[in-house]
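One-letter residues, chain by chain:
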Amino acid sequence: MARRIDVTGTGGVRLAAWEFGDPPKTDPAQDGQGAHDGQGAHDGHTAPEGSPGVLLLHGLMGRASHWAYTARWLSARYRAVALDQRGHGRSDKPPQGSFTRDAYVDDAEAALEQLGLAPVVLIGHAMGALTAWQLAARRPDLVRGLIICDMRASALGAASQREWGQWFKAWPLPFATLADVRKWFGEDDPWVERPNPARGEFYAEVMAESPDGWRPVFEPEQMLRSRETWVYDAHWEELTQVRCPALVVRGLDGELGRAEAQEMVRVLPRGQYAEVADAGHLVHYDQPEAWRAAIEPFLDSLGDG
């Protein structure tokens, strides 16, 4: 069962943090925090009090439960906490709230301080990885290790933002059933090159039932507002300021190309590289066991704090 801990982000935004130290439920709908667990997701015990901390940050449109598999095996050794970032999951979605880069980074900083996780290992996927390395650059005293999962440092540009706006408009909302969600995002979405059941499951986790069908738990307009605060800029300079050991992980078929990933490793003062075969952008979700194999040696190298 997932345990929820409420923390307060910048501007008083209420954020939901989650610990996934117990075996998963058979019915993910029971607490709204589903999990793509695979086999052997839990090692049968949790880390003792005072264990080193890990903070897991999901990507745009994601939620803490997307880290459930990772958090469960980490919990044997660490106090692993996954955060629903503002506008996502069970955290607040203030209509007039700030969705800037600073707001996301401030939230992560506030969460790890309130949770007592520092010095922490930050693990971030996509936008969450950008938040993680920006926080590591800003507050090196709070971060002892960093894992960047499939996030580009280059500017994506105006065309990318327009494509996302058009993509949101193409969603056939509301979905009649969760099976329809899984099928559209796993097979019918124009952005899907070949059937991808894991992608369908990923998006099923961010849907909630409403009177007329299934809709996302986030506001697409807030996602676009979040995205427009980073897609026009490159983020190489912050990478140069990350003092702790850092691992850049990419899916072989993900959005982060090998050349750019290796340049990120070169720019990072203490950078390392790993890639996961047969994985797309949702590396930790597409191939959870291979993801674990890719990051465990790096975690081992950090020791236990």
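The shown structure was predicted, so the numbers you read here are calculated from the model rather than taken from an experiment. (Residues numbered from 1 in each chain as written. Predicted model: local features only at pLDDT ≥ 70, side-chain atom pairs only at ≥ 80, totals over all residues. Heavy atoms only, no water.)

Peer 1: Describe in detail the packing of helix α4 (residues 158–170) against helix α7 (residues 220–227), supporting the description with residues and values.
Peer 2: Contact geometry of α4 with α7 gives a least axis separation of 11 Å together with a crossing angle of 170°. In terms of axis orientation, α4 runs roughly antiparallel to α7. Here S160, Q161, W164, G165 and F168 of α4 lie close against α7, whose contacting residues are P220, M223, L224 and R227. (Axes fitted to C-alpha atoms, helices over the stretch in contact; angles between N-to-C directions. Helix = DSSP H or I, 4+ residues; strand = E, 2+ residues; numbered from the N terminus. Parallel < 35°, antiparallel > 145°, perpendicular 65-115°, else oblique. Contact = heavy atoms within 4.5 Å.)

Peer 1: Requested: an account of the pairing of strand β1 (residues 3–8), with residues and values cited.
Peer 2: As paired strands, β1 and strand β2 (residues 14–19) are joined by six bridges and run antiparallel to one another. Counted as the bridge partner of R3 is E19 from β2. Linking β1 to β2, which pair antiparallel, is a turn of five residues; within it G11 sits at a positive phi near 75°. (Pairing = 2+ DSSP bridges.)

Peer 1: I'd like a rundown of the sheet that holds strand β9 (residues 246–251), residues and numbers included.
Peer 2: The eight strands are arranged β1-β2-β4-β3-β5-β6-β9-β10 in an open sheet whose pairing can be described as mixed. Two strands lie at the open edges of the sheet, namely β1 and β10 (271–276), each paired on one side alone. On average, each strand axis in the sheet is inclined to that of its neighbour by 25°, with strand direction left out of account. One ladder, built from three bridges, connects β2 with strand β4 (residues 79–84); its direction is antiparallel. Among the inter-strand pairings, W18 is bridged to a residue of β4, identified as A82. Helix-sheet contacts for helix α2 (residues 101–115) involve β1, β2, β3 (53–57), β4 and β5 (120–125), and the interaxial angle to β1 is about 120°. Across the sheet, helix α11 (residues 288–302) touches β5, β6 (143–149), β9 and β10, and the angle it forms with β6 is around 160°.

Peer 1: Residue-level account of the packing of aromatic side chains, with values.
Peer 2: Per the counting criterion, the structure on display carries 18 aromatic pairs. Summarising the aromatic geometry, the rings of W171 and Y203 are spaced 6.2 Å apart at their centres and angled 80° between planes, so their arrangement reads as edge-to-face. Residue W171 is found in the loop between α4 and α5 (178–188), and its partner Y203 is found in helix α6 (residues 197–204); the two are separated by 32 residues along the sequence. Taking the relative accessible area as the measure of exposure, W171 reaches 5% and is therefore buried. Chaining the aromatic ring pairs together yields one cluster made of W164, W167, F168, W171, F175, W184, F185, W191, F202, Y203, F218 and Y285. (Phe/Tyr/Trp six-rings, centres within 6.5 Å; stacked < 30°, edge-to-face > 60°. Buried < 20%, exposed > 50% of the residue type's maximum accessible area, 1.4 Å probe, protein only.)

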